[in-house]
Each structure stands twice: as structure tokens, then as C-alpha cells.
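A closer look at the structure
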Number of protein chains: 2
Amino acid sequence: MYEHLRKVALGEEPADVLIKNGMVVNVLTQEIYQADVALAGERIAGVGRYTEGKRLLDATGKYVVPGLINTHCHVESSMAAPAYYCAEELRWGVTTLVTDPHEIANVAGLPGIRYMLQATRELPINYYVQLPSCVPATPFEHSGSILDAEALGTLAGIPGVWGLGEVMNVPGILQGDEDLLAKLRLPGLHNIDGHAPGVGGRPLNAYVVHGINTDHESVTWEEAREKARLGLAVLIREGSASKNLEALVKGIVAENFPSSWMAFCTDDKHLADIRREGTIRHCIQKAVQLGLPLLQALSMATINAARIMGLPQLGAIVPGWQADLLLVDSLENLRPSHVFYKGREALGEALPMREPAAALRGSVQVAPFSEDSFALDRYEAGRTYPVIEILPGEIITEHGSVPGERVAELLDSGELCQIAVLERHHATGCIGVGLLRGYGLRQGAVATTVAHDSHNLIVAGTCPHDMYVAAQEIIRVQGGYTLVSRGQVVDTLPLDICGLMSSAAPEELIPHLEAISHKAWALGVSQDIDAFITLSFMALPVIPKLRITDMGVFDVEKFNFIE
Amino acid sequence: MYEHLRKVALGEEPADVLIKNGMVVNVLTQEIYQADVALAGERIAGVGRYTEGKRLLDATGKYVVPGLINTHCHVESSMAAPAYYCAEELRWGVTTLVTDPHEIANVAGLPGIRYMLQATRELPINYYVQLPSCVPATPFEHSGSILDAEALGTLAGIPGVWGLGEVMNVPGILQGDEDLLAKLRLPGLHNIDGHAPGVGGRPLNAYVVHGINTDHESVTWEEAREKARLGLAVLIREGSASKNLEALVKGIVAENFPSSWMAFCTDDKHLADIRREGTIRHCIQKAVQLGLPLLQALSMATINAARIMGLPQLGAIVPGWQADLLLVDSLENLRPSHVFYKGREALGEALPMREPAAALRGSVQVAPFSEDSFALDRYEAGRTYPVIEILPGEIITEHGSVPGERVAELLDSGELCQIAVLERHHATGCIGVGLLRGYGLRQGAVATTVAHDSHNLIVAGTCPHDMYVAAQEIIRVQGGYTLVSRGQVVDTLPLDICGLMSSAAPEELIPHLEAISHKAWALGVSQDIDAFITLSFMALPVIPKLRITDMGVFDVEKFNFIE
């Protein structure tokens, strides 16, 4: 390898690809200058004046930018299969993904993680996996898999596995949970991602002492600054729902704060949003609009990310480093005309889809149930029942209540609906049933297997029969989204891979996602919420105030179930 | 470990050492603010508000600074034994040394490197060894050892060995020397130090493609900038002889150039200079005087150095990181009142001396020779002889000449002296003899075993008898410095460890070094040169124009011996 590289660098052999006369963005020195970039095999051979290339690419008027790096993302949240997700990222210049397969791991455990690795191994993108540290997310639900340190250890250090994924169990760290700490000490970890929303002061110190390197949960500038002071790399998150970039970048700009140990990430971003604006490209654009110098933003998107995550020879245009780079016509627009991954063009290439194993396609295993599971006669007059109240535009819920004698009337009027979570991994028969306000559904039922973090089968509805039909439809297609009205299926979007991701191409998936959400609005679901995404968060028992799992209605503030 | 650390961080257990009310220098965020620093065992447990400590240290009015890092130094060049050298570094706040035992490796090979590791293992300092990549430095001399890739490989990855030392053989890299390239690919290397003085353009690209990370040889700002652009970390050198800091820092300041991938080093610095002003501390001070912002200079001396060299959890005051830190009363003066290494005070501690193995004490093996080896009757009338001409204040020499018939007369007048290099490692009997101008010696002889890079026995003198006596004296003491006048030894400073370092304490060594140099002036050696240091560079056949090795007089420009 080195001989060809060296000879191209010396000008003794022609480059495999010679990018002539481009303006090179040097994120190491924060400069932009004209230079030729000679590629040899998978690597950059030279930056300077070069004349001979087997392929000559005239980059006059273009900028040569290092490939962008998304430092933290959950591919499953896009609902696209890995190959399709990667293609969307590549379209906007991301050549390196640091992913946390937390969602699929909750459904399918180690085989789920292995699938994400296998499905991306041949793709023209650097795909790093951080091992999910918290599967299941809480003990208050039944997930498809339980990954303890020993289980995770079987994957630590294998090709593609880079570090440990977001350590969400902050109380576990602070209390010295042995198994959790053992995960942090697994051999072969290059990086440990943190996840400490709102944690500061002494608890943050106690969290950081364990060698946790990053955090992407800062919502306010003050929170981000405190974390930076204590050595955490601040990964500025801008996803579809969680948008922290404005607050954090405004802080950086206002205080002229050093950003060399900060980078960008998306965490969760929907496919349609990625297709429209990209991920890291959108972060750069927005940061620049907020006053961050362009080169500083580009550095955060490239070299800072590589250094923070410890990724060698990525993130800048340096001789000997991997030839991952973009050509763009404008640094404002940042739309790549060419994307190189390991020296070959990656844009427009049809990416190979790797079929998942049958087990990942048959992930919905529910014990027999009937309409009675959702029957209304459980609500007794004279008793009061808890109600999960959706707040528009918020992920937290209110903790409401309703007298038993009024339930039927409020279900009829559409003010309330029932919500149920059916354990769907191991057919345990666990079903939690509760009441939901603010969803808007006037008739019918909505069901999905995307239900954070254990991804059980969640169904909301106004009548037991429709809820039954919806749940059965989801079982029939082995996961996905469905709408039922008056006993009939209105529409179903199968998510055939673990009930989380679709094998369909984005051209099919994106319009279907849009259409099924519109149809949910037609059934009365409030127009200011997404029927399925909102539902998917109702089962997450770590966010206040009231949630529901397959084990019952859960009071997050008291951290226990309601009897 | 983590339990105590976590509990101290949470304030549930008292810190082992609590540094109260100091102004903490945060090199991550470039801020200085008041905070308590709680230490637990070898690590920092918390930065913030803490109240309880088994030992309380009131740091009111003091600054808490991360331990300084010297990114490239040759301990042997100080002539102090490792323990004494480290004590001098610690005195001025250096808690991490990245060393290249190139000198001792040239004399004693792998056992020499092992000695440096063993002698420092128990010292309160982080002592990292970069494996010397170029032993011998050239094929034009006989060194004590030849370290090929296989030999170096026996040390790669062992505790304390961090990376590969300065790759000086630039032509070897550019020509694809197989053994040299194999050294770059040794397993377990974290870092590869470069050494590419004056190299730029395509050759620099071809040098860098091999994964070489750093360079400490930039003399001009333009050279440093080009290297930074191509991804090399610029290690700004400020030693006793090579002083590059002013030129480089002026460039950084003038161009407001990013310095986050730059650090400081000394390369070669004498013991007396270290004792007087420190190493990295002096770099910071000088950089600030030249206009570099203090926090930027402090970052280069700490966190930048750690990140460049890939040293984990060093270089900043971060919970969980190694508790290496200094207390100073003034950021201008930067004289530490306390130095902590792994949480314990390292200042004033008597450092244990590790006795070298007998072989390292008996390193001078010279084949029998006589006064005839230096006889003057070799200079024939009618022939012209090459003369090495010393230029005051320069390390390069001029290539002069003299007619044979004038040699005796010019030796008598002190204008010329003879210079000889005797192979001293394996008693091969190789002796190179030549003529030297500009040294000033009017009578007697000067001899030393410090003679870069092979450290053979070098002797300069005006009469064969004195040269013989001086060489014999060096053999008697098994290495060191000596002065001879009229057949009598005037003074000898033994360098008992490999003929390079003294086991004597600095209190004895520094005055002796000063005294013997003064005595050399009394014999006529020019006052503007150091008799021994100047002599030690006469044998280095890589610096123009004329040198001498045990194999003869060497024309560096023609890169061959003079017949």
C-alpha cells in the first residue's frame, strides 16, 4: 500500500484520482486555499501541486471538504433499513456514522446488533457501532433482550464495534451498579458515550470519573458549559424532535467559547427530514446562521468529531489519511456534487441491501388475547383512574385523573382514549392498559411496534374491538404502523425488520409515512402531533410524569407503578 | 478504585487531598475560575465545591495547573542519570516526559533502553519511551548497537514504551527502506515522531503518508505552517542549542494561527539550563512574552501535548483523570510550590537511583592503540588535507583544506588541531583522524565519549602524546570528559553510565561541568564555544559540511568519505 501512496505523493506515479484546482478546506489550520488533492487507493497521497492522475477531476470553483461525521445516531429511528439510511447520509456528505443500535438491541439483542454491522459492512461509509449499554432501559418493562456485561463482552472489540453507547442509567452509575460498571470496563472500548440530561454539580463529577467521554443531552448552554468544563465532549444534537443546536451555538458565539472538543450529532432524525436537509450539513448551516464562523463549524463536523471519538486518520484532508471527502459548489449550500469514500465515488451508487435473518422478520410474538383485554367494564363507579395527558409540543406528560363513572362517556366523545401495551417479544401475555387524554382520536384505533425503548406493541383506541383488530393486524404483518376504523384496517405500513425498520426504499417509505399520519388525523388525532411518534413515547418510563408499559401505568415521579 | 472515587466525587467520603479555594486553570475551556479540587487515590475525583479532605491544602491565592508535558526530549543529553533528570523536570512542574533514548541505544542497544525504563519506573513522573528508530543514525560510523525492526519489535508495546522515536532517516522513508518501514508498522505504537528538517512539498507529503504524526524540527514559521497544514503536530523546540520558539510563536501570533495541535519540547537541554529556568515552564513564559495568550500557551504545554501524543487522561484537571497537577503562586512566574503526581506530592522527594547493570558501566571497549595513531608524519608535503572548520554559533561546519607541509606549523601555533574518533564499543580498532580549525586549543588534548550519534571516543589535541593520554584516561574511567595538558590529566568528569550520563548528583555534576569547560578555555579553546559540546557534534555525519567518524573524514555534501 505504502509504495504506491509514496510514489503518488512524490509525483513518481499518477494519482488514481486527481482533484485539480479545488479550494481545499483545511480544518486543521482553519484555512481555505487552492491545492490539488491526489488520491491513491483508499487514501489521500498528496495535497499540493500535482499533475498526473488516471482520473482527472477538475474542481475549479469547487471546495474540497473532509467527509462529515455524525457522532451519535440511532439508525432505527429513521425507520429505513441500514443501507437506505446510509444512502441518505451519504447524499449530504456524511461519510462516517457513529451509531448506537439501542432500538434493535431492545428487540433482538445481540443478533440485532450483528445485523446492523453486517448490513453496513460493504457500504461506502464508515459505520461504527457503540454497544448499547442500557438494554432494557428500565426494569419496569419487558424488552426483547437483556444485555448484561457478559453478553456485550462477546461483541466488544470486533470489527466495527468502537465503544460503549450512551450510558443512560445515571442512577446506576452513581450507585455503583456492578454490571453497569463492568460494561464500562469491557476491553477494546475506544470511547464511552454519556447521556446525562440535566445532571450537574457533584453527581456530574461522579458520573464523569468513570471515564465517560461525551454527552449529547445538553439542552441549555449552561448545562453544556458545565459538562465541557468537566471534560465531556459536548455533542450538539439537532434531530427531528430534540433540537439543541440553537441554544448551544448561541452560547459558544456569545462567550467566544473554545469548540475544539465539540461536535454535531442527530440522535434521532426522520428519514424525510434527512432527505430534505441532511444531518450534519444542516447542523453546519444552522450554526453558521447563528454566527459561528464557518471554519469552526466545519471543524466540529469533521476533525473535532474524529478526535473526540478517537477515530484515526479521519476528518481532515491529510496525506496518508482515508480518502473520504466531498466536493461542493458552495460552502453556504454544502450540497455535495461528489462524495468520495476510501477514494471511490460513493454518490449515486445503489447500495446493497442485506436481508435480515428470518428471526428479525418475525419479531412479534404476542400471547393470545381478546377484545376483553381492552374491555371498558373495568372502570368502576366511585373509583378514580389515572390519565396520561399529552402536552402538545412536549415530550413530558401530565398526570391526570378521571372518575370511573365518566370513562365511557369521555371515550365516546373522543376526549379520552384507551392505551394499551402488549408485550410482544416473548409472548408473556403481559398487557398494561390505561387512559390517554389529548391524543384526539375520535374513533378507531392506532397501533405500532415502535414504542421506546422496549418496543412492545402499543395500541390506542376508543373501542375495544378496533383496538383488538389493530393489534391483530400488527401481529399479522409482524410489526409496523396500522390504523383501524369501525373494525376495518384503514392502512398498514409494515416495519418488517424487528417491527422498527422497513425494507422498502425511501421513495416508497417516505410518502407512506406521510400518508398514514394524515389518515390518523382524519380519525381525529390532534393535528399538532404525529399519531405514531407521540404514541411511541408513551411507553418510555424514564420521562415524567406518567407512562404506560406492558406491566401497567407507571408514575415516573414516584418511580413505580400505579396500583 | 471507582467506588472511592465516586464517593469522593459525590461528597460522601472525604477526599484524600482537598485543594481548597484555588484558581483552577481549565485548559479545556480556556478559563480560570475558583474551585476546589478533590483528589482520591491517584485520580482527580471532583472539581467544584468540596469541604472534606483527609489532607486539606489551602490554595487561596494560588493557581491549580495541570502537570506540564515535555513532548520530546533526550534525557541522556543532560548528562544526568534518569532519576536526577526527572527531579529537575519535576521541580519546574513537568509531570510527563516523552523521551527518546536514542543516545543510550546507540551505545548499549536494547539493554540501554531497558535501563532507562527501569531507572524511571518508580519515579513520580509519567515516563514514556519512544523507540529510537534510527540506530545507528548512519551507516558511516560504528555504533554500539544496530537496532533493526525485529530488535525494536521485542520492546514494542511493553509498559512504558509508547511509540516510535524521531524518524530521522528521511531518505530511507522516501526510498521505501523495508526495514525502516517495518519499524513504522510495529504493533502497539501509539505515535510516530517525525524529524524532517527543511523538508517540504512533495517529499513532505510522501513522508507524512506513512502515518508520522509529529515534527519538532521546524526552524522557520513557514516550515512549521506547511507541516501543520499536512497534519503534522508541530512540537515547538526550545533546547539549549536549538531554539525555535521565537520564530514559530511569532508566526502563530502574527497569523492568529490555530495552535490546538501544537505543543512544546526541548529535544536537548542541559542540566544547568533546566535547573535555572525549567523546560516547558520556560517555553510558556517565552511564548507569553512573545504575545501568545497565556491560556493558549498553557494548553500547548498540557492538553494539546496529551492529545497529540495520544496520552489518555492526562493534561487537564478532569474528574477521573490522573491527579498530576501543580500549585503556583503566579502564572507569570510559574514556579510550583507543590507538584502532585498521581495524587501524591512529588516535589522535594529524594528519587531512588537505579544502579545500571555492570555492562552499562563498562561501555568503553577500545582496541589497543598508541601515540602513533595520532602521529604527524602522515601529512605529506605536496598533498592537500581536508580541514573541518568550526563556525562560532553554528552547528554546521565549513569544508576547509591545508597543504601537508604546513600542518605541523599550524598545530604548533594552535590554529589547527588534530581530531580523532576511536571506535569504542566493540574494540574494532577503527580510528578516523583529521584536522580541525577554529577550536582554539593551543596545547594539550580534550576527549569525550559524548559524540553524536554513535558516541565513539572523540579526542582533539595539538600533540600526539597528549591525545594518547586523554584517550587512555577516558578508557580508564570508562567514559566521560577529560582534559590533558603536557602529558598530565588536568581534570576528568566521569560519565559512568554508557559514557553519556553521570551517577553524580546535580549539585556535584553542574559545577564540575562548568569548571571543566572553563579549564578547557584556559587551554585555549575558543571562549565562544563549549569545548565538549562542540566536539560532540563533530562526529555527526548528517549535518553539513565536513565531519569525522571512526571510519574517516566525511564529506556530508557528497555523502561519502574523503580518501
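Residues numbered from 1 in each chain as written. Chains lettered and ligands numbered in written order. Predicted model: local features only at pLDDT ≥ 70, side-chain atom pairs only at ≥ 80, totals over all residues. Heavy atoms only, no water.

Many authors give the size of an interface as the accessible area that is lost as the parts come together. Contact with chain A, which involves 47 residues of that partner, is made by 47 residues of chain B. Both sides together, the interface formed by chain A and chain B hides about 3,700 Å², and carbon and sulfur atoms give 59% of it. In terms of surface lost to chain B, no three residues of chain A exceed Arg 6, Arg 202 and Val 209 of chain A, which account for 19% of the buried area on that side. Between chain A and chain B we count 2 salt bridges in total. Ionic pairing is found between Glu 31 of chain A and Arg 229 of chain B, a salt bridge with its closest N-O pair at 2.7 Å. Linking chain A to chain B there are 10 residue pairs in polar contact (both at pLDDT 80 or more). Of all elements in the fold, only helix H1 (2-10), strand S2 (31-40), strand S3 (43-48), helix H5 (170-174), helix H7 (201-208) and helix H8 (221-229) of chain A reach the threshold of two or more residues within the side of chain A that touches chain B. For the side of chain A that touches chain B, the residue count by class is 24 nonpolar, 15 polar and 8 charged. (Contact = heavy atoms within 4.5 Å. Buried area = accessible area lost by both parts, 1.4 Å probe. Salt bridge = Lys/Arg side-chain N within 4 Å of Asp/Glu carboxyl O. Polar contact = N/O pair within 3.5 Å; in protein donor to acceptor, adjacent residues only side chain to side chain. Helix = DSSP H or I, 4+ residues; strand = E, 2+ residues; numbered from the N terminus. Nonpolar A, V, L, I, M, F, W, Y, C, P; charged D, E, K, R; others polar.)

The relation between the two chain copies is a rotation about an axis coupled with a shift along that axis. Superposing chain A onto chain B takes a rotation of 180 degrees combined with a translation of 0.0 Å along the rotation axis, leaving an RMSD of 0.1 Å. The transformation just described matches what one would write down for a two-fold rotation axis. Among all C-alpha atoms of chain A, that of Ser 260 of chain A lies closest to the rotation axis, at 3.9 Å. With an isologous cut-off of 70% or more, the 100% of interface residues of chain A that recur at the interface of chain B puts this contact in the isologous class. (Least-squares fit on C-alpha atoms with pLDDT ≥ 70 in both.)

Turning next to the side chain of Lys 269 of chain B. Residues and elements named next belong to chain B. Take Lys 269: it is sitting in the loop between strand S13 (262-265) and helix H10 (271-277). Within the local environment of Lys 269, its side chain forms a polar contact with the side chain of Glu 277, the two groups lying 2.8 Å apart. For Lys 269, the side chain forms a polar contact with the main-chain oxygen of Gly 278, separated by 2.8 Å. In this view, Lys 269 contacts Ser 77, Ser 78, Glu 238, Gly 239, Ser 240, Ile 274, Glu 277, Gly 278, Thr 279 and His 282; residues no more than four positions away in its chain are not counted.

This part takes up the packing of H7 of chain A against helix H1 (residues 2-10) of chain B. Interhelical geometry of H7 of chain A versus H1 of chain B gives an angle of 165 degrees and a closest axis separation of 7 Å. In terms of their interaxial angle, H7 of chain A and H1 of chain B are classed as roughly antiparallel. When the axes of H7 of chain A and H1 of chain B are compared, the crossing they make is right-handed. Where H7 of chain A abuts H1 of chain B, its residues Arg 202, Pro 203, Asn 205 and Ala 206 of chain A lie against Arg 6, Ala 9 and Leu 10 of chain B. When its residues are assigned to classes, the contact of H7 of chain A with H1 of chain B shows 4 nonpolar, 1 polar and 2 charged. (Axes fitted to C-alpha atoms, helices over the stretch in contact; angles between N-to-C directions. Parallel < 35°, antiparallel > 145°, perpendicular 65-115°, else oblique. Left-handed = near helix turned anticlockwise from the far one by under 90°.)

All right, on to empty space enclosed by the protein then. Overall, the coordinates contain 3 cavities of 30 Å³ or more when judged by the stated rule. Looking at the largest cavity, its volume works out to about 100 Å³. Residue lining of the largest cavity: Leu 28, Thr 29 and Arg 307 of chain A together with Ala 228, Leu 232, Val 234, Phe 257, Pro 258, Ser 260, Trp 261 and Met 262 of chain B, and that is the complete set. A class-by-class count of the residues in the lining of the largest cavity yields 8 nonpolar, 2 polar and 1 charged. Its volume calculated, the second largest cavity comes out at about 50 Å³. Around the second largest cavity, the lining residues are Pro 66, Gly 67, Ile 69, Thr 95, Thr 96, Leu 314, Gly 315, Ala 316, Gln 322 and Asp 324 of chain A. Each residue belonging to the lining of the second largest cavity can be placed in one class, and the counts come to 4 nonpolar, 5 polar and 1 charged. (1 Å grid on protein atoms, 1.4 Å probe; cavity = no way out; pocket = protein on both sides within 12 Å on 5 of 7 lines; lining within 4 Å. Points joined across faces, edges and corners; volume = space filled by probe spheres on them.)

Residue and element names in this part refer to chain B. Pairing within the open sheet is antiparallel, and its 3 strands lie in the order S25-S26-S27. Bordering the open sheet on either side are strand S25 (546-549) and strand S27 (560-561), each of which pairs with just one other strand. As judged from the 4 bridges shared by S25 and strand S26 (residues 552-555), these two strands associate in the antiparallel manner. The residue of S26 that forms the bridge with Arg 547 is Phe 554. (Pairing = 2+ DSSP bridges.)

Any two side chains of opposite charge can pair, on the condition that their charged atoms come close. Per the stated rule, a full pass over the model turns up 60 salt bridges over all chains. Among the salt bridges present, the one from Lys 183 of chain A reaches Asp 179 of chain A, with a minimum N-O distance of 3.9 Å. Taken together, the residues span about one helical turn, with Lys 183 of chain A and Asp 179 of chain A both in helix H6 (residues 178-184) at a distance of 4 residues. Look at Lys 183 of chain A and you get buried, because its relative accessible area is 5%. Among the salt bridges present, the one from Arg 237 of chain B reaches Glu 217 of chain B, with a minimum N-O distance of 2.9 Å. Residue Arg 237 of chain B is located in strand S12 (residues 233-237), and its partner Glu 217 of chain B is located in the loop between strand S11 (214-215) and helix H8 (221-229); the two are separated by 20 residues in the primary sequence. Side by side, Arg 237 of chain B and Glu 217 of chain B carry an identical accessibility label, which is buried. (Buried < 20%, exposed > 50% of the residue type's maximum accessible area, 1.4 Å probe, protein only.)

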